Amino acid sequence: MALIGYARVSTEDQATFSQLDELKAAGCAVIFEEKASGGSRARPELAKAIAQVRRGDILVVARIDRLARSLSHLLAVIEGLEAVGAHFKSLRDPIDTSTPQGKFALQVLGAAAELERALIRERTKAGLNAAKARGRVGGNPALKRRDPDAIAQLAAIRDRQYVADLLATMEAWLPKVRALRPGNSWGKVAKALGRLGSTDRPWTADRLSRAVHRLVAEGLAEPDLIAPAPRKPPKDDLLLVIAGIRGADPTISLRAIAARLEEMRIRTPRRGTTWSASSVKALLDRAERFGLVMPKANR
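A few points on the structure.

About the thresholds
- Residues numbered from 1 in each chain as written.
- Predicted model: local features only at pLDDT ≥ 70, side-chain atom pairs only at ≥ 80, totals over all residues.
- Heavy atoms only, no water.
- Axes fitted to C-alpha atoms, helices over the stretch in contact; angles between N-to-C directions.
- Helix = DSSP H or I, 4+ residues; strand = E, 2+ residues; numbered from the N terminus.
- Parallel < 35°, antiparallel > 145°, perpendicular 65-115°, else oblique.
- Contact = heavy atoms within 4.5 Å.
- Nonpolar A, V, L, I, M, F, W, Y, C, P; charged D, E, K, R; others polar.
- Salt bridge = Lys/Arg side-chain N within 4 Å of Asp/Glu carboxyl O.
- Buried < 20%, exposed > 50% of the residue type's maximum accessible area, 1.4 Å probe, protein only.
- Core = buried A, V, L, I, M, F, W, Y, C linked by side-chain atoms within 4.5 Å.
- Phe/Tyr/Trp six-rings, centres within 6.5 Å; stacked < 30°, edge-to-face > 60°.
- Lys NZ or Arg CZ within 6 Å of the ring centre and 35° of its normal.

**What about the packing of helix 8 (residues 186-193) against helix 9 (residues 205-217)?**
Here comes step 1: The N-to-C vectors of helix 8 and helix 9 enclose an angle of 95 degrees; their axes lie 8 Å apart at closest approach. In terms of axis orientation, helix 8 runs roughly perpendicular to helix 9. Here helix 8 contributes Trp186, Gly187, Val189, Ala190 and Leu193 to the contact with helix 9, which in turn contributes Ala205, Leu208, Ser209, Val212 and His213.
Here comes step 2: Residue composition of the contact of helix 8 with helix 9, by class: 7 nonpolar, 3 polar and no charged.

**Description of the pattern of salt bridges**
Here comes step 1: Inspection of every chain in the model, using the stated rule, returns 9 salt bridges.
Here comes step 2: One salt bridge in this structure joins aspartate 285 and lysine 281, with 3.0 Å as the shortest N-O distance. Taken together, the residues aspartate 285 and lysine 281, both in helix 12 (residues 277-289) and 4 residues apart, mark about one turn of the helix.
Here comes step 3: Among the residues examined, aspartate 285 registers a relative accessible area of 21% and is labelled partly exposed.
Here comes step 4: On the basis of relative accessibility, which here comes to 36%, the residue lysine 281 falls in the partly exposed class.

**Brief notes about the nonpolar core**
Here comes step 1: Formed by 23 residues in total, the largest nonpolar core has its most connected members in Tyr6, Leu59, Leu67, Leu74, Leu81 and Phe88.
Here comes step 2: Going through the elements one at a time, strand 1 (3-9), helix 2 (44-52), strand 3 (58-61), helix 3 (64-67), helix 4 (71-83) and helix 5 (100-133) are the ones with two or more residues in this core.
Here comes step 3: If one sorts the elements of this core by residue count, helix 4 sits on top with 6 residues.
Here comes step 4: Filtering out sequence-adjacent residues up to four positions away, phenylalanine 88 remains in contact with Ile58, Leu59, Val61, Leu67, Leu74, Ile78, Leu81, Ile95, Asp96 and Thr97.
Here comes step 5: Counting residues in each nonpolar core, the second largest holds 21 residues, with Val163, Leu166, Met170 and Leu225 among its members.

**A short note on the packing of aromatic side chains**
Where two aromatic rings form a pair, the distance of their centres and the angle of their planes describe that pair.
Here comes step 1: Within the structure shown, the criterion is met by 1 aromatic pair.
Here comes step 2: With centroids separated by 5.0 Å and ring planes inclined at 55 degrees, the aromatic side chains of tryptophan 173 and tryptophan 203 adopt a geometry described as tilted. Highlighted residues: tryptophan 173 in helix 7 (residues 148-180) and tryptophan 203 in the loop between helix 8 and helix 9, separated in sequence by 30 residues. This pair shows no difference in class: tryptophan 173 is buried, exactly as tryptophan 203 is.
Here comes step 3: Note that arginine 181 overlies the ring of tryptophan 186, its terminal NZ or CZ placed 3.9 Å from the centroid.

**Description of the packing of helix 11 (residues 254-263) against helix 12**
Here comes step 1: Where helix 11 meets helix 12, the closest approach of the two axes is 8 Å, and the angle between their N-to-C directions is 95 degrees. In terms of orientation, helix 11 lies roughly perpendicular with respect to helix 12. Of the residues in helix 12, those touching helix 11 at Leu254, Arg255, Ile257, Ala258 and Leu261 are Ala277, Val280, Lys281 and Leu284.
Here comes step 2: Considered class by class, the residues forming the contact of helix 11 with helix 12 number 7 nonpolar, no polar and 2 charged.

**Points about the environment of leucine 215**
Here comes step 1: Within the secondary structure layout, leucine 215 lies in helix 9.
Here comes step 2: Classification of leucine 215 by relative accessible area gives buried; the value is 2%.
Here comes step 3: A C-alpha to C-alpha distance of 8.2 Å links leucine 215 and valine 163, two positions 52 residues apart in sequence.
Here comes step 4: Discounting chain neighbours no more than four positions away, the residues touching leucine 215 are Leu166, Met170, Trp173, Leu174, Leu220 and Ala221.

In structure tokens, the structure reads:
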């Protein structure tokens, strides 16, 4: 079990000395320091701390507000830690998810967070209805005019939010990506992830590839994760049969291979019964690319 500390201050003028002293006294050998707003989820050092946590480890902070300013963010981080078998502890608060008392305190916080979300939804709905009753229509006037500066500003905001969402959820899905990549294609990894770390829709190969590429660009994930997946020979009995025929007799002609396939009553890729020399050649070329037969120059 390892104790991994995380210390944060909001501005460059503040110092983490007091937090560092508390974390070191608690037994934290590794401590990540960050200067960032508590309301921002785009915190690279927090992401690095969470990425280093392994099963049985404990992420430790001096106070809860050093980790998160909202219950939803706090619970998201703790949920990600629990997914890998790790725990969370706040030195000045009654939260230590490795103990029954700490888990109970967390359940109370979760209930409070759900109430908070319900109240926010009700207030938002009431505000929209009141505005609609007064004839007010939402929207950004500059965006409606297609102002370039407004569009660029919106794109920058969306990009920051995208990175923040990745940082907030990466501890839930990135460990599985690390276990499966680059040995498997993006499609297979996305299928294995399903909805893990994504509450709105399941992962797709394109979304997952873009997410991991962005984390690598930000220095938050290993570059080898985006290396091309190894090209594996397809599980195609037909290729193996043709490669076997050519391997047994390297001088055999395409027409002779076609006749042999017809004798064996093997159907063509289109389920036909008559083989042509061109069909045999296409399959031999594929078998060559996969290393099942020798290249032409070496035959």
